[in-house]
Amino acid sequence: MDAQGETSPSSIIELPQIVTYVSPPVAEQRLIFSSSDIEKSGLQTLSDVVRQAGIQSLDYGSYGLESKPSIRGFTDETVRVVIDGLCMNNPQSGTFDFSTVDISDAETIEIVRGGFTEGTEDEGAVGGVIYITTKKSGLGRVFTSDTAVKSFFNGNFPLDTVVQSLGFSAALSDKSFLEVSGRGAFAKNAFLYESSLGGEISEREHSAVRDGTGNLRFTRWNDGGRVTAGGWIYGGDKETPGVEFSANQGRQKDLNWGLSLSSFTPGVFKVMNFFSNFGLFCSDRKYDDSYGSSRHKLLDFKGAVSGDFYRRGIVGQSAGLSFELSRLNSTNSGIHLQPTGVFKETTKLFFNEFLSLSVPLAVKFCGKNAAFVPKLGLAAKFSRIEILIDGYRMVQFPNMDDLYWEGSGYRGNPDLKPEAGWGAEAAFNFKNRFLPSSVQFFTAFYEKKIAWSGGSPQNVNSAFYFGVDFNVQGSFFGGLLELKATGEYLYNELLDKSNTLTYKKRIMWTPDFTGSVQACINLKTLDFSVSAQYTGKRYKSNLNIDFLEPYALVNLCLNLKVSKTALPYLKADNILNSRYESVEGYPMPGASLTAGCKIRISAPSSSAK
């Protein structure tokens, strides 16, 4: 990078390095969690990261059970998950199974709130995007182990959850690297909770989860470029207990696998850096309950290619094409073949050292639906403050279940139209030396929202959104103390005048406020962190009569740096023993204690120079 911020072929570093799949932003805000942040905070799942970011997580139970983020009142398919350049949302349900991700393999996790995105990795979401960049091997041979046990203080099952992770990476030569990892877990999930009837203490039953994942990755570096080939597999056997007093417990068995090939090539024709990502993924789910059995097998071929052109004068540009061909064979949705694709280009204009403009444009299609998605972002960056203003269109196509589902009195609607709307944001980033902070105001109008009513989905809802996001962080006493706070206030209302009972009412399950605060003490012999996450009042229905009570979770984490090889740790979650529900009818755990030890043994590689 030269003094003017321009990239040239001669500046490419040829040594092995971490390559992020997210281009440096002009007018885009991100929350970034590094692998160090994840370790110091004791975050063990992607849902933990979401909550630490001050974002609502809709949880249907403890470890391994369904969990999904709700960003600015949007969830499911409107929040995209992109791993190493490929969007991983399931085209059948639109969601992403958070339990399939081993976040110990993440180099960074970056969260974008809202629908303004500058990168070419996907078309940009409605509610937000979670970008995950996996680790790339370094020099030497490294063996890692992480053993953790958890207790919910249940006398019948004092040791509830056991998780074991193993990893090995090695330099096969000065340019070739191999990485192998695996993770297995058993969780009884037999936590105690306060019954909604009479306040008695009950034990959660029929909630056990057994699952495991494995990864294999080979990376070859050459002249600053990289080729990576890998594969992964995930298996899960999960009891799904349903709501608190359900007499219809289910059993879910997942077998997912994927093969991927990606490359990064700098200096193509001396004008751009070129990225390519391809993957073949299979999701095979079997489900049994008292209503019967079902099976859903989804085969996905995904690909994405993009070029990030070197800045010339005031102009910087990137362009990309992503595509997906999905074949679904489902007991409830039938056999369907669905093509999906996005062409996206982003032009960035740097008028001077203070003022810049970003113009992302996308054309996307899914089956018979197509849409044009324009965006515009303006940035004014000064020594003490940055001002970012953007506006964008939002489009979300119906998923395959919405279109084709049949069973248990429900039937999909093949005539559904895409959801659509417009959004805008104004952000102010304050560059205080000791306590940098940001405030972001946002608003959106969204219509044709798909909702299931009377056993069939319809484009029925429209709504208005307004809110404020904030972030504050600071480092004191030479890094001895770190403070972070992030949160969101959200106001929304339904705008369907045809339904007088819900007109001008708040959208169900959307809290008025969510937030997180954290303090970390970093000493030579230990890291200690305390965090608190708050989720506000949420109405149980769009009638706005009954609501779920707000709740706060306070967590502690202690990492003991006893040696360069071993890192024992303790994590206490929900130390106030709050009795709460994230989703109505699904009780969540009270206090728990996790004890574990991470081991890292490294040795120089005989083949490394």
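Cut-off values and rules
Residues numbered from 1 in each chain as written. Predicted model: local features only at pLDDT ≥ 70, side-chain atom pairs only at ≥ 80, totals over all residues. Heavy atoms only, no water. Helix = DSSP H or I, 4+ residues; strand = E, 2+ residues; numbered from the N terminus. Rg over C-alpha atoms; globule rule 2.2 N^0.38 Å. Buried < 20%, exposed > 50% of the residue type's maximum accessible area, 1.4 Å probe, protein only. Contact = heavy atoms within 4.5 Å. Areas by Shrake-Rupley, 256 points an atom, 1.4 Å probe, with all protein chains shown as cover. Polar contact = N/O pair within 3.5 Å; in protein donor to acceptor, adjacent residues only side chain to side chain. Phe/Tyr/Trp six-rings, centres within 6.5 Å; stacked < 30°, edge-to-face > 60°. Lys NZ or Arg CZ within 6 Å of the ring centre and 35° of its normal. Pairing = 2+ DSSP bridges.

Asks: If you had to explain the overall build of the protein chain to someone new, which residues and values would you point to?
Replies: For the protein chain, the helix and strand inventory stands at three helices and 37 strands. The C-alpha atoms of the protein chain give 24 Å as radius of gyration, which agrees with the globular expectation for 609 residues (25 Å, within 12%). Split into buried and exposed, the 609 residues of the protein chain put 53% on the buried side. Partitioning the intrachain contacts of the protein chain with sequence separation of at least 6 by distance along the chain shows that 61% fall at a separation of at least 24. Entry remark: accessible area of the protein chain is about 26,900 Å², with carbon and sulfur atoms responsible for 61%.

Asks: Requested: an account of the side chain of N248, with residues and values cited.
Replies: Turning to its location among the elements, N248 is positioned in the loop between β14 (225-240) and β15 (250-268). The exposure class of N248 is buried, given its relative accessible area of 19%. Within the structure, N248 has its side chain in polar contact with the side chain of S290 (distance 2.6 Å). Filtering out sequence-adjacent residues up to four positions away, N248 remains in contact with D289, S290 and Y291.

Asks: Tell me what's going on with the packing of aromatic side chains, and back it up with residues and numbers.
Replies: The tally for this structure, following the rule as stated, stands at 17 aromatic pairs. In this structure, R72 packs its charged tip against the face of F442, placed 4.0 Å from the ring centre. Sitting over the face of the ring of F350, R311 holds its NZ or CZ atom 4.3 Å from the ring centroid.

Asks: Mind laying out the sheet that holds strand β4 (residues 79-83), listing which residues take part and the relevant values?
Replies: Ordered in space as β1-β6-β7-β4-β5, the five strands form an open sheet in which the pairing is mixed. Both outer strands of the open sheet, β1 (31-34) and β5 (86-87), are each paired with one neighbouring strand and no more. When β1 meets strand β6 (residues 106-113), the two strands line up antiparallel, connected through four bridges. Bridge assignment links I32 to a residue of β6, and that residue is E110.

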